[in-house]
Amino acid sequence: MFRLAIFASGEGTNAQNFIDYYKNRKDVSITIILSNKREAGVLKRAAAANIKTIIVDKETFYKSDLILEELKSKVDFIVLAGFLWMVPDNIIKAFAGKMVNIHPALLPSYGGKGMYGSKVHEAIIANKEKESGISIHFVNEKYDEGKIIFQAKCLIEASDTPEILAKKIHELEYKYYPIIVDKLLHGNIS
């Protein structure tokens, strides 16, 4: 059985998508949901699904091996789903090739520190781009620079607002993110 950890900072809609995707599966289980925010909605979703949660502070996350040791004993693969902190080197090294993130744009464009959520959609609309999409990539020591595993595109209409684009992007995330992670776990893509 593959054991997943999900790192999330917000409401947890992508985390919920994974919870639903793996609910009746025997080969994959979500064992931990980690958040850096006590009030994150993802924690309620985890509680409703009876999944262990970890709330982490910066000191513990960046200056100790406590989280790493917890993950190494309970997790095979990490999924970032709206987690806004840079993952520390000790976890990146221990889970090299076993940790993925999703970005709401077609990397390498519109990536990097500070480019997340609505900021990405606003920049894309402001630049009058004709398309956007999602990028699922491995996590490394730089924001949004890990090897790209999968991308899916959507067209942008002239009348689209950042909010409309966000809805299109969320639809792509919900459709593809669990499927691509599942293929990675089972060796169907690399």
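Residues numbered from 1 in each chain as written. Predicted model: local features only at pLDDT ≥ 70, side-chain atom pairs only at ≥ 80, totals over all residues. Heavy atoms only, no water.

**Q** I tried to follow the overall build of the chain on my own but got confused; where do I start?
**A** A tally of regular secondary structure across the chain gives 7 helices and 7 strands. Its helices and strands in sequence order give the chain the pattern β-α-β-α-β-α-α-β-α-β-α-β-β-α, from N to C terminus. Taking 190 residues into account, the globule formula puts the C-alpha radius of gyration at 16 Å, and the chain, at 16 Å, falls close to it. The principal-axis extent of the C-alpha atoms belonging to the chain is close to 50 × 35 × 30 Å. For the chain, the residues scored as buried account for 47% of the 190 residues in total. For the chain, restricting intrachain contacts to residue pairs at least 6 apart in sequence, the fraction spanning at least 24 positions comes to 65%. Taking the average location of the 26 positive side-chain charges in the chain and that of its 23 negative ones, the two points are 2 Å from each other. (Helix = DSSP H or I, 4+ residues; strand = E, 2+ residues; numbered from the N terminus. Rg over C-alpha atoms; globule rule 2.2 N^0.38 Å. Buried < 20%, exposed > 50% of the residue type's maximum accessible area, 1.4 Å probe, protein only. Contact = heavy atoms within 4.5 Å. Lys, Arg positive; Asp, Glu negative; His and termini not counted. Charge placed at Lys NZ, Arg CZ, Asp CG, Glu CD.)

**Q** Would you mind showing me how to read helix H1 (residues 13–22) here?
**A** Each α-helix turn comprises 3.6 residues. Residues three or four places apart therefore point the same way. With respect to burial, H1 is a largely interior element, 7 of its 10 residues being buried. For H1, the complete set of buried residues consists of Asn14, Ala15, Gln16, Asn17, Phe18, Ile19 and Tyr22. Buried residues belonging to H1 abut strand S1 (2–7), strand S2 (28–35), helix H2 (41–48), strand S4 (77–80), strand S5 (99–103) and helix H7 (162–185).

**Q** I'm lost on the packing of aromatic side chains in this one. Help?
**A** The full count for this structure, using the stated rule, is 11 aromatic pairs. With a centroid separation of 5.0 Å and an interplanar angle of 85°, the aromatic rings of Tyr21 and Tyr22 are classed as edge-to-face. Among the residues examined, Tyr21 registers a relative accessible area of 32% and is labelled partly exposed. In this structure Tyr22 comes out as buried when scored by relative accessible area, which is 4%. Taking the centre distance of 5.8 Å and the plane angle of 75° together, the rings of Phe61 and Phe83 count as edge-to-face. Of this pair, Phe61 sits in helix H3 (residues 58–63) while Phe83 sits in the loop between S4 and helix H5 (89–94), placing them 22 residues apart in sequence. The rings of Phe7, Phe61, Tyr62, Phe83 and Trp85 are connected pair by pair, giving a single aromatic cluster. (Phe/Tyr/Trp six-rings, centres within 6.5 Å; stacked < 30°, edge-to-face > 60°.)

**Q** Could you clarify how one ought to interpret the pairing of S1 in this entry?
**A** The side chains of a regular strand alternate, residue by residue, between the two faces of the sheet. With 6 bridges joining them, S1 and S2 adopt parallel strand pairing. Bridge assignment links Ile6 to a residue of S2, and that residue is Ile33. For the crossover that starts at S1, traverses H1 and ends in the parallel S2, the hand is right-handed. Bridging between S1 and S4 involves 4 bridges; their strand directions are parallel. Bridge pairing in S4 places Leu4 opposite Phe77. (Pairing = 2+ DSSP bridges. Right-handed = clockwise from strand over helix to strand, strands pointing away.)

**Q** Help me understand the nonpolar core, please; the structure alone is not making it clear to me.
**A** A general feature of soluble globular proteins is that nonpolar side chains tend to end up buried together. Core analysis: the largest hydrophobic core is formed by 39 residues, its most contacted members being Val100 and Val181. Counting residues per element, this core draws most heavily on H7, which supplies 8 residues. Dropping the residues within four chain positions of it, Val100 is found in contact with Phe77, Ile78, Val79, Leu80, Ile136, His137, Phe138, Val139, Ile149, Tyr177, Val181 and Leu184. Counting residues in each nonpolar core, the second largest holds 21 residues, with Ile32, Val56, Ile67 and Met99 among its members. (Core = buried A, V, L, I, M, F, W, Y, C linked by side-chain atoms within 4.5 Å.)

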